[in-house]
Amino acid sequence: SPDLESIGSGTTTKRLSGSRSRTRRDFLTRFTDSERFTENLQDWFGLVSENHDNKPVFEPPFELVELQKFDYALEGVSFQQLTRMPNAVYASTSTSVEANAYLAVEDFLHAAVKSLWEAFWSQEEEEAALFYALRVLISRSVSRLDFSQSANCVFVLLVDLQYGGVVKVEGDVSKLDYDVNNVYDCAAEWVKNHSKISVSPIDRIWNKLGNANWRDIGALQVVFATYHSIVQYFGPPRHSIEDLAADHSSRVHSRRQERQLGDSGLNENGMFRLQQRTMSPEIVEVHEEEESSKVEPEPLMKLEVGSVLWLEDSNYQKGYQINQVLTNGTLPYHIASPVDEAGKSVFLYVGSPPSQLEPALEDMNLWYQVQRQTKMLSIMRQRGLSSKYLPQLHGSGRIIHPGQCQKPSSGGRCDHPWCGTPILVTTPVGETVSDMVNEGRFGPEEAIRCCHDCLSALSSSSSAGIRHGDIRPENVVYVTSGVRQPYFVLIGWGHAVLEDRDRPAMNLHFSSTYALQEGKLCAASDAESLIYMLYFCFGDLPELDSVEGALQWRETSWSKRLIQQKLGDVSTILKAFSDYVDSLCGTPYPLDYGIWLRRLKRNLSEDHGKEIETSG
């Protein structure tokens, strides 16, 4: 009978699982000699080292911008290390140095974990090289504890009396050949063929007094790895890095006002402005009559309508005249026309000037908008992605500033405040969905077409292993000029996820449930964000002030089918699509783009008599 078959199948599954677990435990018992393991990897490491010339063999586990944002989040966090790292120069015996060093490292990690827990998880609750990394991964695979969210990733901290670094090892240990008679060869083969290794720079952690330089990059990357390890075990924090880092901007603004340094950002007319500041390294005498005098700011350099910017790339120089100055809610961007193509319109994004004294959180957002988006659009071009629903890279490079540039080399920069400022230019140009909604021009037909076109863009990008990670009304534009049939384009690819270490944008209203919980994207995350965007286009945004509140709203809305009902009032096809996305949320199952693109296209054709193109 079917019941007996299922019982037999379950028994067989348990037997196989138990056998696999015993084999892995036997493998782990014999996998104890790090020197033999290292010997099996000598030739491989020598080969990969030769192929990289003088460049680092492995990429670092963290982007510098990630560490910068993490540093901002830690501004209000106090780390108290009581046991100092001994100084080998002044220590009496090597034995005491080693013993005290262990205590100092232990206290360093204790201080890091305690402060991270209090800052990110709770203010009240008190409780909670490659060999060792592989042992941890195998141990997790046979453990009874739940490591489902972190079974394939482990951080190893490397520290001595002065320096420290991080090794991140990722890989599926189910692909390891658990031959208990040949454990070291099998382990070495797994490392060569099935793992991804990231190694940070080795930087100083402790100063000569034995105190940890908590806010320097050496200690910061170790603490950041510790943060991710806590996330792996306890789950996402109550307070995100973005939440705590957001306070940095207000602190910087207050400090600049205190010191009368002025500010950079938008001027009173909504124009992008940049103020040049000069500082003397000398200590100067201040007279009483000068104490009350204010520092007069130098004239601002404005980017306004009618201005012409010149872009320098490796192969050409190109000018763009500013036609409109806009904002996406937080950052300025521009509609411009190429000087040699007066009738053409482009989006022009200006990055953060590298001459600012202290970078603010807005500068990181500008980095994502300009530098990171330039990288992602370049990768799309290199991989041959062709879809009218994706933005196209029209130009990128550095600004050519007024006056003579005195930069010492092609890679350097001079003292001019605009020297080295990055610029990104894309096409096509259109009106954001946000503006359409505000003006009452986003109806059912536009919603269905928007869903089709964005889904087509996601289908194209996912074929190259790229996910968007920041779908919201400001990142979708409606193109009407110079086309027979208007269409939507999915822009804003600065937070796109290409590798496992990439993190999507965190938005309480539009991020997927998995993104809010894990800080990563699952296969259906972009489609889920698309559903939220369409839903909010026809309803009010709820008051959400925390990740927990956003997750609760999602759980309630999906369980009570409020999202499906709202979209059902707009179109039956959107209701059906939302049901489909709901069934995939948080699962590894891929989205069937083809069938839903055909259904959405058929719905538009039947209801409105208009044919639309579908991405290949």
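Everything that follows concerns the structure shown earlier in this document.
Residues numbered from 1 in each chain as written. Predicted model: local features only at pLDDT ≥ 70, side-chain atom pairs only at ≥ 80, totals over all residues. Heavy atoms only, no water.

Enquirer: In this structure, what is going on with the environment of threonine 480? I would like to understand it.
Expert: Among the secondary structure elements, threonine 480 is positioned in the loop between β15 (476-479) and β16 (487-490). Sequence separation of threonine 480 and proline 428 is 52 residues, and the distance between their C-alpha atoms is 9.8 Å. (Helix = DSSP H or I, 4+ residues; strand = E, 2+ residues; numbered from the N terminus.)

Enquirer: What am I meant to see in the packing of aromatic side chains here?
Expert: The geometry of an aromatic ring pair comes down to the distance between the two centres and the angle between the two planes. In total, this model carries 30 aromatic pairs according to the counting rule given. Ring centres of phenylalanine 31 and phenylalanine 37 lie 5.4 Å apart, and the angle between their planes is 90 degrees; on these two criteria the pair is classed as edge-to-face. When its relative accessible area of 0% is taken as the criterion, phenylalanine 31 is described as buried. An aromatic cluster of at least three residues, connected via ring pairs, comprises Phe62, Phe70, Phe120, Phe155, Phe224 and Tyr227. A cation over a ring is seen here: arginine 204 above tyrosine 163, with NZ or CZ 5.9 Å from the ring centre. When the ring centre of tyrosine 532 is taken as origin, the NZ or CZ atom of arginine 554, which lies over that ring, is 4.8 Å away. (Phe/Tyr/Trp six-rings, centres within 6.5 Å; stacked < 30°, edge-to-face > 60°. Buried < 20%, exposed > 50% of the residue type's maximum accessible area, 1.4 Å probe, protein only. Lys NZ or Arg CZ within 6 Å of the ring centre and 35° of its normal.)

Enquirer: Mind showing me how you'd approach the pairing of strand β11 (residues 346-350) here?
Expert: Across a regular strand the side chains alternate sides, sitting on one face of the sheet and then on the other. Burial runs high along β11: 5 of the 5 residues are buried. Judged by which residues are buried, β11 turns out to be covered on both faces: Val346, Leu348 and Val350 on one side and Phe347 and Tyr349 on the other are all buried. Judged from the 3 bridges that link them, strand β10 (residues 332-338) and β11 form a sheet pairing that is antiparallel. Bridge assignment links alanine 336 to a residue of β11, and that residue is valine 346. Where β11 lies against strand β13 (residues 422-427), 4 bridges are found, and the strand directions are antiparallel. Each bridged residue has a counterpart across the sheet, and for leucine 348 the counterpart in β13 is valine 425. (Pairing = 2+ DSSP bridges.)

Enquirer: Looking at this model, I keep getting lost on the packing of helix α15 (residues 525-536) against helix α17 (residues 562-570). Mind explaining?
Expert: The angle between the axes and the distance between the axes are what describe a pair of packed helices. Between α15 and α17, whose axes approach to 10 Å, the crossing angle comes to 60 degrees. Between α15 and α17, the interaxial angle falls into the category oblique. The interaxial crossing formed by α15 with α17 has left-handed handedness. For the pair α15 and α17, contact is made by Ile531, Tyr532, Leu534 and Tyr535 and by Leu562, Ile563, Lys566 and Leu567, respectively. In the contact of α15 with α17, the residues fall into 7 nonpolar, no polar and 1 charged. (Axes fitted to C-alpha atoms, helices over the stretch in contact; angles between N-to-C directions. Parallel < 35°, antiparallel > 145°, perpendicular 65-115°, else oblique. Left-handed = near helix turned anticlockwise from the far one by under 90°. Contact = heavy atoms within 4.5 Å. Nonpolar A, V, L, I, M, F, W, Y, C, P; charged D, E, K, R; others polar.)

Enquirer: Explain the packing of helix α13 (residues 444-462) against α15 here, please?
Expert: Between α13 and α15, the least distance of the axes is 11 Å, while the angle of their chain directions is 160 degrees. With respect to α15, the axis of α13 lies roughly antiparallel. The two elements α13 and α15 meet at a crossing, and its hand is right-handed. Taking contact as the criterion, the partners of Ala447, Cys450, Cys451, Cys454, Leu455 and Leu458 in α13 are, on α15, Asp526, Ala527, Leu530, Met533 and Leu534. Across the contact of α13 with α15, the residue classes tally to 10 nonpolar, no polar and 1 charged.

Enquirer: How should α17 be read in this particular structure?
Expert: Note: α-helices contain 3.6 residues per turn, so residues at a spacing of three or four share the same orientation. Regarding α17, the residues found buried are Ile563, Gln564, Leu567 and Val570. All buried residues of α17 fall inside an arc of 110 degrees around its axis, so they share one side. Buried positions along α17 lie against α13, α15, α16 (547-559) and α18 (572-584). (Arc of directions from axis to C-beta.)

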